[in-house]
Amino acid sequence: MTIYGYVRVSTKEQNEDRQLAALAPFEIPESNLYMDKLSGKDFKRPAYRKMIRRLKPNDVLIVKSIDRLGRNYKEIMEQWRIITKEKQADIKVLDTPLLDTTYCKDLLGTFIADLVLSVMSYTAQMERENIRQRQAEGIAAAKAKGIRFGRPRLELPEDFDLKYEMWHRGLLSVQDFADYCGLSRSTLYLRLREYQKVYVEEHPR
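Trainee: Residues and numbers for the packing of aromatic side chains, please.
Mentor: All chains considered together, the criterion is met by four aromatic pairs. For the ring pair Tyr6 and Tyr48, a centre distance of 5.0 Å and an interplane angle of 65° mean the geometry is edge-to-face. In this pair, Tyr6 is assigned in strand β1 (residues 3-9) and Tyr48 in helix α2 (residues 46-54), connecting sequence segments 42 residues apart. The residues Tyr6 and Tyr48 share a single accessibility class, namely buried. Where Tyr164 meets Trp167, the ring centres are 5.8 Å apart and the plane angle is 50°; that geometry is what we call tilted. Highlighted residues: Tyr164 and Trp167, both in helix α5 (residues 160-168), separated by three residues, approximately one helical turn. Ring pairing ties together the aromatic residues Tyr164, Trp167 and Phe177, which thus form one cluster. One residue, Arg45, lies across the ring of Tyr48, its end atom 4.0 Å from the ring centre. Residue placement shows Lys163 over the ring face of Tyr180; its charged tip is 4.4 Å from the ring centre.

This is how it looks when you write it as structure tokens:
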């Protein structure tokens, strides 16, 4: 059994220290620790692909959160299938203890992990789509009232809506959320209030 760790940040400016700190207790050899720093919509992930090629049956991949495997429901589910079914390796997701295939490796344990993953990924994807729809409706309504939108003070990560959903459900701490966005906690709270006011409160479910 070989242990691997994977870290991904969405932009070159974001800091990977918190992900590395979470993996540190497992004492993963540097040669087995892979990291991708992406920019924009580039999702080729060369380090991730190299790591996947090395995985063998019973190896263990450790990630801090499930969204390190992909940007949306389809990508996450496909990578989970490749790792656990094709490669027959295990996954340990530190932020979600139930997503740990090294624990209870019988049929029931596998079923529970797959079910939790499916529900989490699907819910997050649906929320992303709903938020985008409310965002478009909110902007249109604001423009109809004569509100002008200036250039954003800081470009938020492309998966901000997914991170928002994880934070909202208690799966992501405020500090981790702020670090991921490259903001201070006070600035993050300000952006969250703006986000909720413009895109959520005007279009309640």
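Continuing now.
Trainee: Provide a residue-level description of the pattern of salt bridges, including the pertinent values.
Mentor: Oppositely charged side chains are able to pair whenever their charged atoms sit close together. According to the stated counting rule, one finds 11 salt bridges in the structure shown. Here Arg18 ties to Asp176 by a salt bridge, and the two come within 2.3 Å at their closest N and O atoms. With Arg18 in helix α1 (residues 17-23) and Asp176 in helix α6 (residues 174-181), this residue pair connects regions lying 158 residues apart in the sequence. Relative accessible area serves as the criterion here: at 37%, Arg18 is assigned to the partly exposed category. You can call Asp176 buried: its relative accessible area is 15%. Each of Arg18, Lys64, Asp95, Asp176 and Asp179 takes part in one network of salt bridges that share partners.

Trainee: Would you mind going over α5 in detail, with residue names and values included?
Mentor: Each α-helix turn comprises 3.6 residues. Residues three or four places apart therefore point the same way. Counting buried positions over the nine residues of α5 gives seven, a clear majority of the element. Along α5, the residues that are buried comprise Phe160, Asp161, Leu162, Lys163, Tyr164, Glu165 and Met166. A positive backbone phi angle near 80° is found at Gly170, which sits one or two residues after α5.

Rules used throughout
- Residues numbered from 1 in each chain as written.
- Predicted model: local features only at pLDDT ≥ 70, side-chain atom pairs only at ≥ 80, totals over all residues.
- Heavy atoms only, no water.
- Phe/Tyr/Trp six-rings, centres within 6.5 Å; stacked < 30°, edge-to-face > 60°.
- Helix = DSSP H or I, 4+ residues; strand = E, 2+ residues; numbered from the N terminus.
- Buried < 20%, exposed > 50% of the residue type's maximum accessible area, 1.4 Å probe, protein only.
- Lys NZ or Arg CZ within 6 Å of the ring centre and 35° of its normal.
- Salt bridge = Lys/Arg side-chain N within 4 Å of Asp/Glu carboxyl O.

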